[in-house]
Amino acid sequence: MNRIAALVLATFFVLVQLYTSLAALSPTPPVGYLFLSRATAAAAVALLGISATVGIVLALRERAAGRTGSRWIVLPWIGASALSALAGLDPRSGLEVVGCMLMAAGFHAALVRWYRRPPVARAVLGAYLCFGLFAAVAALAMVAVRRPLMLSELNHGRAAGFFVTANQFAAFLLLCGFVAFGVAQAGRGWLRPLGWATTVASAAALIATFSRSGWIGAIAGALFLAIAHRRWLPAAGIAAFAAAGAMLLLTVPVARHDPADAFNRIAVALAGLRAAELFPMTGTGPMAYWRVYPSLRPIDGAPPGTFGALHPHNAYLSLAGELGLVGLVAVFAGWWAFGRAVTARLRAASATPARERRQLGLAVCAGLAAALVQGLFDTIGVVQMAFVWIPYTALALAAARDGLGEPNVMRCRLAVLLALAACSAPPPAPHASSPPSPATAAPVPIKIRGHGVPGDPGSKYIYLTEQKKNRIVYALRADSNTSIRTSQGNGRSDFVRPHVIFHATVARTLTADAPHATVLERDKSVLMTGGVLTHSNDGMTLTSDTLRYDDARETLHGEGHVTISTAAGERLTGNYFDYDLRTTEMHVTP
């Protein structure tokens, strides 16, 4: 089932990147060069629909595992778009956009629920980065040979790749480049070189787009990333570079741009503002702005049938014109919900050694921030929200919570780990003269030490994962371990510097760190000692002298100098606490 989920989610996430070529099915006048014919675009939409349907089934299958916290991120956008479509100028086209949003929502729910299951995260990220690397290299090759000729002429020799315009390609490169950078930093094994290669190729292709909005978005994303990581010196350098670049753009014309493009953007923006004034509550409806544009066109505005007639080249004016005030409120509510959810996950990651979670989660958020800034100058609005914001917010939430997913280098139960110890040394030979009787013979303890992961020289950790009915209960990572087995079903493993993630629900985790931990084979308990620091992904912090996991009851029991602090600033102290992973109930006693 995990492999099916990996295949379905990877297929959807790759295909959805070509959303601009699905304009072959759009009711708007044909504008630009499209790589996909109507038949091919219809086949791509059908495959997206199948993938989304399977994704919804997968999400419902995991519903008992807990909520993802995504409903307020996705549902307000879809509801407002449906209302605008029904009250708009082209209900059929508007409902088609809503259908696309529902497909993306199915992917969103499935990805957040299944991301931590191996090999879902690596399959999705690997397929996406391979496509991004191919798209960037292919775009650079197209620029070099000026083929297809029509695409090159329409974009004045700027790199557009498999996208309609260079600015749309720049939007893809912003997100792909930042995600690739996060994977390159946090990745292990083959993902790391793939991430660096995609980062470099995306940066080179972004330069070749000559997209001013894309460059501004890239600087904004880099500044966001530097500030989020508290790298103040690089942040100051990026800000100074941005100021110098802005002065240069104001004084020096940018090459390979249509001269008229520098003047008609203001007129196009005024037309979008006028549409928002005429349809203040629910807008014209998704994909209906082009129908009203001829009546709103300023004297020096873009003529009908051109890119300027399809959208006002500003994400926020586009949302206001097509969805109205109701849509804007819903969109900003979704963004606010996303910000709160991802901040809680990133705060939990920053307070623990979960380095890859913070690096990858922040990188995806930086790509989204870059796209938001680029949206001030050029986006498609509602359509991009359907095909970009809904899928990428799922990736950001999942990455901020689980990084690159569960480690797939050594997933074993405690019995397997101790079985290795039993197989590592032969049993002692009996004495030749007087063999001991079974009643008096004592079992000979067998010891094995582990450092890193066998077969993976690039990994420096020991991993141990406990599952129940295909559900992960906890995942343990440590610098080293010593396993001792005395008899069948009776053994123990001692871990140095354990980092344990306990999964209460799909949406709630507790991450504990301590100097030492002991895992017993008989009852599968975990005892962490030496001072334990625990964080939940919703901002709660808990300290205690010891922490014990009871596998039979799936509870955590802490003792000694217990202190609990919540994200709201509340503080509770005691000497004991009990936490039920199944019900998430907590009791603190003096």
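Let us now look at the overall build of the protein. Looking only at helices and strands, one finds 16 helices and 15 strands in the protein. In the protein, which comprises 590 residues, the share counted as buried stands at 53%. Considering only contacts within the protein whose residues lie at least 6 apart along the sequence, 66% involve residues at least 24 apart. Accessible surface, the protein: about 25600 Å² in total, of which carbon and sulfur atoms supply 65%.

Quick look at the nonpolar core now. In terms of nonpolar packing, the biggest core is built from 110 residues, with Tyr115, Tyr128, Phe172, Met385, Tyr392 and Leu395 touching the most fellow members. Ranked by residues supplied to this core, first place goes to helix α15 (residues 382-402) with 16 residues. Ignoring anything within four residues of it in the chain, the contact list for phenylalanine 172 reads Gln17, Tyr128, Phe131, Gly132, Ala135 and Phe163.

This part covers the pattern of salt bridges. Applying the stated criterion across every chain yields a total of 10 salt bridges. The salt bridge partner of glutamate 277 is arginine 274, with a shortest N-O separation of 3.2 Å. Of this pair, glutamate 277 and arginine 274 both sit in helix α11 (residues 261-278), separated by 3 residues, roughly a single helical turn. The class for arginine 274 is partly exposed, based on a relative accessible area of 40%. Among the ionic contacts, a cluster of salt bridges with common partners joins Arg116, Arg401 and Asp402.

What follows deals with a nonpolar patch on the surface. Taken together, the side chains of Ile216, Leu376 and Phe377 present a nonpolar region at the surface, about 230 Å² in accessible area. Here phenylalanine 377 is to be found in the loop between α14 (355-374) and α15. Classification of phenylalanine 377 as partly exposed rests on a relative accessible area of 35%.

The next thing to look at is the packing of helix α8 (residues 191-209) against helix α9 (residues 212-228). Two numbers describe how α8 lies on α9: the axes approach to 8 Å, and their chain directions differ by 140 degrees. Taken together, the axis directions place α8 and α9 in an arrangement best described as oblique. In this structure, α8 meets α9 at a crossing whose hand is left-handed. Contacts between α8 and α9 involve Leu206, Ile207 and Thr209 from the first element and Gly214, Trp215 and Ala218 from the second. Of the residues contributing to the contact of α8 with α9, the split by class is 4 nonpolar, 2 polar and no charged.

With that settled, consider the side chain of threonine 534. Within the fold, threonine 534 resides in strand β10 (residues 532-536). Take threonine 534: its relative accessible area is 4%, and that puts it in the buried class. The contact partners of threonine 534, leaving out residues within four places of it in the chain, are Leu510, Thr511, Ala512, Met540, Thr541, Leu542 and Leu547.

Attention now moves to helix α3 (residues 71-87). An ideal rise of 1.5 Å per residue puts 24 Å on 17 residues; α3 measures up with 24 Å between its terminal C-alpha atoms. Looking at α3, one finds that the buried residues are Ile73, Val74, Pro76, Trp77, Ile78, Ala80, Ser81, Ser84 and Ala85.

Among the structural elements, arginine 401 can be located in helix α15. Among the polar contacts made by the side chain of arginine 401, one reaches the main-chain carbonyl oxygen of valine 112 at a distance of 2.7 Å.

Right, let's talk about the pairing of strand β15 (residues 586-589) for a bit. For strand β14 (residues 571-580) and β15, the ladder comprises 4 bridges, and the chain directions are antiparallel. Bridge pairing in β15 places phenylalanine 577 opposite valine 588. What sits between β14 and β15 in their antiparallel hairpin is a turn of 5 residues, with threonine 584 showing a positive phi close to 60 degrees.

It is worth spelling out the packing of aromatic side chains at this point. The full count for this structure, using the stated rule, is 22 aromatic pairs. When the centroid spacing of 5.8 Å and the interplanar angle of 75 degrees are considered together, the rings of phenylalanine 131 and phenylalanine 172 count as edge-to-face. Of this pair, phenylalanine 131 sits in helix α5 (residues 120-145) while phenylalanine 172 sits in helix α7 (residues 166-186), and the two are 41 residues apart along the sequence. Each member of the pair, phenylalanine 131 as well as phenylalanine 172, carries the same accessibility label: buried. Across the ring face of tryptophan 114, the terminal group of arginine 117 is positioned such that the distance to the ring centre comes to 5.2 Å.

Our focus in this paragraph is the environment of proline 515. Mapped onto the secondary structure, proline 515 falls in the loop between β7 (509-513) and β8 (516-520). According to the relative accessible area criterion, proline 515 is partly exposed, its value standing at 31%. Each C-alpha atom, one on proline 515 and one on glycine 531, is 7.2 Å from the other, the two residues being 16 residues apart in sequence. Those residues within four positions of proline 515 in sequence are excluded, and the remaining contacts are Phe495, Val496, Arg497, Pro498, Thr529, Gly530 and Gly531.

Moving on to the packing of α3 against helix α4 (residues 91-114). Close contact between α3 and α4 brings their axes to 8 Å; oriented N to C, the two are set at 165 degrees. Here α3 lies roughly antiparallel to α4, going by the angle between them. Seen along the crossing, α3 lies across α4 with a hand that is left-handed. Across the interface between the two elements, Val74, Trp77, Ile78, Ser81, Ala82, Ala85 and Leu86 from α3 touch Pro91, Gly94, Leu95, Val98, Met101, Leu102, Ala105 and His108 from α4. Looking at the contact of α3 with α4 residue by residue, the class counts come to 12 nonpolar, 3 polar and no charged.

A word on unusual backbone geometry. A cis amide bond, omega 5 degrees, links proline 118 with the succeeding residue proline 119. On the secondary structure map, proline 119 appears in the loop between α4 and α5. The residue after arginine 147, namely proline 148, is reached through a cis peptide bond having omega -10 degrees. Looking at the element boundaries, proline 148 is found in the loop between α5 and α6 (149-154). Of note, arginine 146 is a non-glycine position whose phi angle comes to about 55 degrees, a positive value. When you line up the elements, arginine 146 lands in the loop between α5 and α6. The exposure class of arginine 146 is partly exposed, given its relative accessible area of 38%. In this structure, methionine 287 is a non-glycine residue whose phi angle is positive, near 65 degrees. Of note, methionine 287 is situated in the loop between α11 and α12 (289-296).

Conventions adopted
Residues numbered from 1 in each chain as written. Predicted model: local features only at pLDDT ≥ 70, side-chain atom pairs only at ≥ 80, totals over all residues. Heavy atoms only, no water. Helix = DSSP H or I, 4+ residues; strand = E, 2+ residues; numbered from the N terminus. Buried < 20%, exposed > 50% of the residue type's maximum accessible area, 1.4 Å probe, protein only. Contact = heavy atoms within 4.5 Å. Areas by Shrake-Rupley, 256 points an atom, 1.4 Å probe, with all protein chains shown as cover. Core = buried A, V, L, I, M, F, W, Y, C linked by side-chain atoms within 4.5 Å. Salt bridge = Lys/Arg side-chain N within 4 Å of Asp/Glu carboxyl O. Patch = residues over 30% accessible without salt bridge, like charges linked within 9 Å, V, L, I, M, F, W, Y side chains within 5 Å. Axes fitted to C-alpha atoms, helices over the stretch in contact; angles between N-to-C directions. Parallel < 35°, antiparallel > 145°, perpendicular 65-115°, else oblique. Left-handed = near helix turned anticlockwise from the far one by under 90°. Nonpolar A, V, L, I, M, F, W, Y, C, P; charged D, E, K, R; others polar. Expected span 1.5 Å × (residues − 1). Polar contact = N/O pair within 3.5 Å; in protein donor to acceptor, adjacent residues only side chain to side chain. Pairing = 2+ DSSP bridges. Phe/Tyr/Trp six-rings, centres within 6.5 Å; stacked < 30°, edge-to-face > 60°. Lys NZ or Arg CZ within 6 Å of the ring centre and 35° of its normal.

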